[in-house]
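Close look at the chain arrangement
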Amino acid sequence: MASALRSTILRHIRVPISHSLSVNGSRLTAVRSMSSHGDDHLDKQEVVDRVLDVVKSFPKVDPSKVTPDVHFQKDLGLDSLDTVEIVMALEEEFKLEIPDKEADKIDSCPLAVEYIYNHPMAS
Amino acid sequence: MASTMKYVRVPPNSASLAEARQRVFEFFKTACRSIPSIMEIYTLDDVTSPSQLRSVISSEIRKNAHITNPKMDQLQRIEPDVIDMLLFKGTEELCNIVEHSKQRHHILGQYVLNREDRTHDIGNKDQGASDFLKSFYKSNY
C-alpha cells in the first residue's frame, strides 16, 4: 500500500532535494543523504596539503624544498623510479588506482594535485 | 594476486630498452600494490611500514640500474634481455612472497632488517667506498 502510494506520488511530483514530503518525504531525503556520489569531493587545499605531506615524507626529498609547484625530477633531483614511487605513495594515501597512461604524465606536484582533485573516487 | 599473475603471460623478449624500462616500472607498481597484502600475510605491521617497503623495493631495483647506463665499461652494454631476466627473477620472488611460500623470518631478514650495513650497498662493482674495507674483504692481512 505504501509503495503504491509512493510510486504514484513519484510519478506526478518533482521533488527538489531539500524539500521533504509528508509521509514518504523522509524516506526520500534519507535515501538521498545516504548516496555518496559527488557530495564528498575533497577540498582543494586539503588535497594540496596531503600531497605535500606525502612528498615531504619521502626519504630522499629535502622537506624545505617542497612547494606546491615543485617538479619531481627537475627541482627535487629525483629520477624516474623515484617519481613512480611518489605516485604509488599518492595512490596509497588517497586510496586510488591510477592507470599507467595517466601515471606517466604525473611529473610534478601541481599535476598530481590536479589529477587527484579531479578524480571522483579520491578519499 | 591477479596483478602478479598477469605478468607470466607477457612475452619474454623486450623489443627495446624503452620497453624494458616500461616493464620495470610496471613490475615496481605491481610490487607496490601487493604491499598491503604482504603486510597482512606476514604481520609486518609493527616492524615496518608500507613506505619503508617501497623504499626497499626501489633500492633493490636500483641495484641493477647500472645495466641501463653503459658508461665506458664494455662489459655492461645495454641488454634488454638481461633486464628481462632480472625482471623474471624479481617477479618470481614477488610471486613466492605473495603466495606465502616464504616465511616471516625470510622477509624480515632479506628486506626489513639491517638495510644499512649490507656489504653490497657499498657500491657497484666499479665504485668502492673505502680502501680499508676493500682490503678487509679481500683478506685479513
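Scope of this entry: the structure provided in the associated data block.

What counts as what
- Residues numbered from 1 in each chain as written.
- Chains lettered and ligands numbered in written order.
- Predicted model: local features only at pLDDT ≥ 70, side-chain atom pairs only at ≥ 80, totals over all residues.
- Heavy atoms only, no water.
- Helix = DSSP H or I, 4+ residues; strand = E, 2+ residues; numbered from the N terminus.
- Buried < 20%, exposed > 50% of the residue type's maximum accessible area, 1.4 Å probe, protein only.
- Axes fitted to C-alpha atoms, helices over the stretch in contact; angles between N-to-C directions.
- Parallel < 35°, antiparallel > 145°, perpendicular 65-115°, else oblique.
- Left-handed = near helix turned anticlockwise from the far one by under 90°.
- Contact = heavy atoms within 4.5 Å.
- Arc of directions from axis to C-beta.
- Phe/Tyr/Trp six-rings, centres within 6.5 Å; stacked < 30°, edge-to-face > 60°.
- Lys NZ or Arg CZ within 6 Å of the ring centre and 35° of its normal.
- Nonpolar A, V, L, I, M, F, W, Y, C, P; charged D, E, K, R; others polar.

1. Details of the environment of phenylalanine 28 of chain B
Here phenylalanine 28 of chain B is to be found in helix H2 (residues 17–33). Along the primary structure phenylalanine 28 of chain B and lysine 138 of chain B are separated by 110 residues, whereas in three dimensions their C-alpha atoms are 35 Å apart.

2. Side note on unusual backbone geometry
One non-glycine residue, lysine 95 of chain A, lies in positive phi territory at about 55°. Its place among the elements puts lysine 95 of chain A in the loop between helix H4 (80–93) and helix H5 (100–105). Looking at lysine 95 of chain A, the relative accessible area reads 62%, which means it is exposed. The backbone of histidine 100 of chain B sits at a positive phi, close to 65°, despite the residue not being glycine. Tracing the sequence through the fold places histidine 100 of chain B in the loop between helix H5 (80–98) and helix H6 (104–112). Of the residues examined, histidine 100 of chain B reaches a relative accessible area of 46% and is grouped as partly exposed.

3. Observations regarding the packing of helix H3 (residues 44–56) of chain A against H4 of chain A
All names here are of chain A. The N-to-C vectors of H3 and H4 enclose an angle of 130°; their axes lie 10 Å apart at closest approach. The orientation of H3 with respect to H4, classified from their angle, is oblique. The two elements H3 and H4 cross, and the hand of that crossing is right-handed. Within the contact between the two elements, H3 uses Arg50, Val51, Val54 and Val55 and H4 uses Ile86, Ala89, Leu90 and Glu93.

4. Overview of H6 of chain B
All names here are of chain B. When we look at burial in H6, the residues that qualify are Ile107, Leu108, Tyr111 and Val112. Projection of H6 onto a plane perpendicular to its axis shows the buried side chains occupying an angular sector of 110°, all on one side. For H6, the secondary structure elements touched by its buried residues are helix H4 (50–63) and H5. Positive backbone phi, approximately 60°, marks asparagine 114, located one or two places after H6.

5. Some details on the packing of aromatic side chains
Tallying each qualifying case throughout the model produces zero aromatic pairs over all chains. One cation-aromatic arrangement involves lysine 44 of chain A over tyrosine 117 of chain A; the distance from NZ or CZ to the ring centre is 5.0 Å.

6. Some details on the packing of H2 of chain B against H4 of chain B
Residues and elements named next belong to chain B. Taken N-terminus to C-terminus, the directions of H2 and H4 make an angle of 155°; their axes are 10 Å apart at the nearest point. When the axes of H2 and H4 are compared, the pair comes out roughly antiparallel. For the element pair H2 and H4, the recorded crossing hand is right-handed. Taken together, the residues of H4 that come into contact with H2 (itself represented by Val24, Phe27, Phe28, Ala31 and Cys32) are Arg54, Ile57, Ser58 and Ile61. In the contact of H2 with H4, the residues fall into seven nonpolar, one polar and one charged.

Everything listed is a geometric property; what it means functionally is a separate question.
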